[in-house]
Every structure is written in C-alpha cells, then in structure tokens.
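Structure at a glance
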Amino acid sequence: MPPASAAADNDTDDARAAADGDRRAFQRLYRRHAERIHGAVYRLAGYDHARAEDLTQEAFVRAWQKLPGFRHESAFGTWLYRLAVNVALMEIRARRADPVGFVDEEHLPDQGETPFCAAEREELERAIGKLPPRARAVLVLHDVEGWRHEEIGEEMDMAVGTSKAQLHRARQLLRRALGENA
C-alpha cells in the first residue's frame, strides 16, 4: 500500500480524471476506498451484509454522479466517506416503518484482529445489530468512527442533546443485551 501522501496525490489526480469521465480512474478510487466505505456502512446497517453491499454500491454511484461538483477542499477519501455515511443515514431514515434488521447467527461479520475473544465480538456485533437504527447510528458514528456529537447532530438532523441521549440509550441497551448491570 502506498504511503498516505502518495495515496492522497493519486486520489487527487484520479478524482480530477474521473470527474472528466475517466472510468479507469474511478475504478482505482473504488479499489482504494471500497473496504473502508463498506466497513462504515456495514456497521451502520446493523451488520447486514446485503444492506451494506447495496449501500456501498449506492455510495459509489452517488460519488460518480457528484464527482464533477467535488471542489477538492477536503481529501477525496474524506468527501467519499461523508457521502457514504449520508447515504446510509438516509436509508436509516427511510426505513422508519421497518427500522430494525436483525442479523442471524450465520451472517455475522468475518472475524478480524480484536483485543477480545471471537465469541465476545460476535455477541457485541449481534447486540449492536439489534439496536434501534438511530441509536445504532449514533453509537457507531461516535464510539466506532470517532465523530463528535456536533457532527452527528448535523448529519442526522438532530440536536446535540438528542445525539447524546441516543448514545446513552444505545449504551444502556447494549449493557442489557450483554447481561451487564445498566
């Protein structure tokens, strides 16, 4: 993998070329960023493989459509990440009538390196996947992705206090699901 500065330079060149219609440049951008984008939307989708695949594809379709308007004021990867999170959050809002997608045991995420055992990770991912969508989104954006409540509030069109309340609710629900005292 190239150093971060080389990747950013490649992104800038490829983003400009892709904005002009160069599909191969866009394919290179896709290959460099698909894993990170998929990971973010996978967590937001409650560890639902099919939804995450759809959301990842939708994010890249939107990126292709919006790329001519990309002003290069931020890194391409940052712009793409925010676009993908917005796609996932819009999908969460649209699913209000059918908010929770439960994950069965067979479809848990592949195991990666974790500081705790695989069984604990599966139990945690299962519990996160069963959280109500808005609470899950706030938990993932804050605790996993490292967003501030101000950013979450802006992206999810909610007050900072609501973001904090949703995070508190999500953590309580997780503690209960994991058998800890809330």
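Residues numbered from 1 in each chain as written. Predicted model: local features only at pLDDT ≥ 70, side-chain atom pairs only at ≥ 80, totals over all residues. Heavy atoms only, no water.

All buried positions along helix α7 (residues 149-156) are accounted for by H149, I152, G153, E155 and M156. Residues of α7 that are buried in the fold lie against α4 (76-94), α6 (133-144) and α8 (160-177). Positive phi shows up at D157, right after α7, with a value of about 55°. (Buried < 20%, exposed > 50% of the residue type's maximum accessible area, 1.4 Å probe, protein only. Helix = DSSP H or I, 4+ residues; strand = E, 2+ residues; numbered from the N terminus. Contact = heavy atoms within 4.5 Å.)

Here we come to the confidence of the model for the protein chain. Taken over all residues, the pLDDT of the protein chain has a mean of 83, while the share at 70 or more is 81%. Predicted confidence is poor over residues 97-115, with pLDDT under 50, and the contacts of this stretch with residues over four places away or in other chains come to 32 contacts. (pLDDT = per-residue confidence, 0-100.)

Of all hydrophobic cores here, the largest spans 47 residues; its most connected members are L67, F76, W79, L141 and M156. Sorting the residues of this core by element identifies α1 (4-19), α2 (23-44), α3 (49-66), α4, α5 (118-129), α6, α7 and α8 as the ones contributing at least two each. With 11 residues, the top contributor of residues to this core is α4. (Core = buried A, V, L, I, M, F, W, Y, C linked by side-chain atoms within 4.5 Å.)

Further remarks concern the packing of aromatic side chains. Inspection of the entire model under this criterion finds eight aromatic pairs. Between F26 and W64, the aromatic rings sit 5.1 Å apart at their centres with planes inclined by 70°, giving edge-to-face as the arrangement. Within this pair, whereas F26 is found in helix α2, its partner W64 is found in helix α3, the two being separated by 38 residues in sequence. Exposure remark for W64: the relative accessible area of 27% places this residue in the partly exposed category. Judged by centre distance (5.7 Å) and plane angle (40°), the ring pair of F76 and W79 falls under tilted. Placement of the pair is F76 and W79 together in helix α4, with a separation of three residues, close to one helical turn. For the cation-ring pair, R36 lies above Y81, with the distance from its terminal atom to the ring centre recorded as 4.3 Å. (Phe/Tyr/Trp six-rings, centres within 6.5 Å; stacked < 30°, edge-to-face > 60°. Lys NZ or Arg CZ within 6 Å of the ring centre and 35° of its normal.)

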